[in-house]
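Read off the chains here:
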Amino acid sequence: TTLFRSDRLGVLSSSTENLNRRSSGRAQGVHELSACEQLVVELVRHDDSWPFMKLVSKLQVPDYYDIIKRPIALNIIREKVNKCEYKLASEFVSDIELMFANCFEYNPVETNEAKAGARLQAFFHSRVQKLGLDLTTSRADSSPSPHVKRP
């Protein structure tokens, strides 16, 4: 009888450990996603966010969508955060990095848009590091390139 109880306690103990491990993982995910909420607000409020607030207008920049195949903007990212569409912080980081990659692909490095993008990206990277989020997502290289704007 004593042996049976000790086996049951062992099972209960290990079940409890698994629950704690799972819930702490969930808590970590919740922490990361709340950090994403905070970070998107900081990005929107940043002085250099102006080129990224909304999708580029097809009327104002007709060739943009010929060059940029996966457009994204802060208003879309913020909406995805608010609707809990990101399951992982890395998905949020990937969308932000896509936004910067699009900026640097379309805009020559000397333009105000590319300069604002470089400053906002530096701010983003510093905040991600301070918040303890993972920047090592699979993403296209999103550093400014010195090419000329395509016709």
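Computed from a prediction, not measured in an experiment: that's the story for all the values here.

Caption draft 1: Local environment of the pattern of salt bridges. On inspection of all chains with the given rule, the structure shows four salt bridges. Between D48 and R119 there is a salt bridge, and its shortest N-O distance comes to 2.9 Å. Remark: R119 occurs in helix α5 (residues 112-131) and D48 occurs in the loop between α1 (2-45) and α2 (64-67); sequence separation between them is 71 residues.

Caption draft 2: Geometry of the packing of helix α3 (residues 74-82) against helix α4 (residues 89-106). Their axes nearest at 10 Å, the elements α3 and α4 cross at an angle of 175°. With respect to each other, α3 and α4 are oriented roughly antiparallel. The residues of α4 that touch α3, namely those facing L74, I77, K80 and V81, are F92, D95, I96 and M99. In the contact of α3 with α4, the residues fall into six nonpolar, no polar and two charged.

Caption draft 3: Here's a closer look at the nonpolar core. Membership of the largest hydrophobic core comes to 26 residues, with the highest contact counts inside it found for F92, I96 and F124. For this core, the secondary structure elements donating two or more residues are α1, α3, α4 and α5. The element contributing the most residues to this core is α4, with nine residues.

Caption draft 4: Quick peek at the packing of aromatic side chains. Counted under the stated rule, the structure contains six aromatic pairs. When the centroid spacing of 6.1 Å and the interplanar angle of 50° are considered together, the rings of F100 and F124 count as tilted. With a gap of 24 residues between them, F100 in helix α4 and F124 in helix α5 connect regions that are remote in the sequence. On the basis of relative accessibility, which here comes to 0%, the residue F100 falls in the buried class. Three or more aromatic residues link up through ring pairs in this structure, and these residues are F52, Y86, F92, F100 and F124. Lying over the aromatic face of Y65, K58 brings its terminal NZ or CZ to 5.4 Å of the ring centre.

Thresholds applied
- Residues numbered from 1 in each chain as written.
- Predicted model: local features only at pLDDT ≥ 70, side-chain atom pairs only at ≥ 80, totals over all residues.
- Heavy atoms only, no water.
- Salt bridge = Lys/Arg side-chain N within 4 Å of Asp/Glu carboxyl O.
- Helix = DSSP H or I, 4+ residues; strand = E, 2+ residues; numbered from the N terminus.
- Axes fitted to C-alpha atoms, helices over the stretch in contact; angles between N-to-C directions.
- Parallel < 35°, antiparallel > 145°, perpendicular 65-115°, else oblique.
- Contact = heavy atoms within 4.5 Å.
- Nonpolar A, V, L, I, M, F, W, Y, C, P; charged D, E, K, R; others polar.
- Core = buried A, V, L, I, M, F, W, Y, C linked by side-chain atoms within 4.5 Å.
- Buried < 20%, exposed > 50% of the residue type's maximum accessible area, 1.4 Å probe, protein only.
- Phe/Tyr/Trp six-rings, centres within 6.5 Å; stacked < 30°, edge-to-face > 60°.
- Lys NZ or Arg CZ within 6 Å of the ring centre and 35° of its normal.

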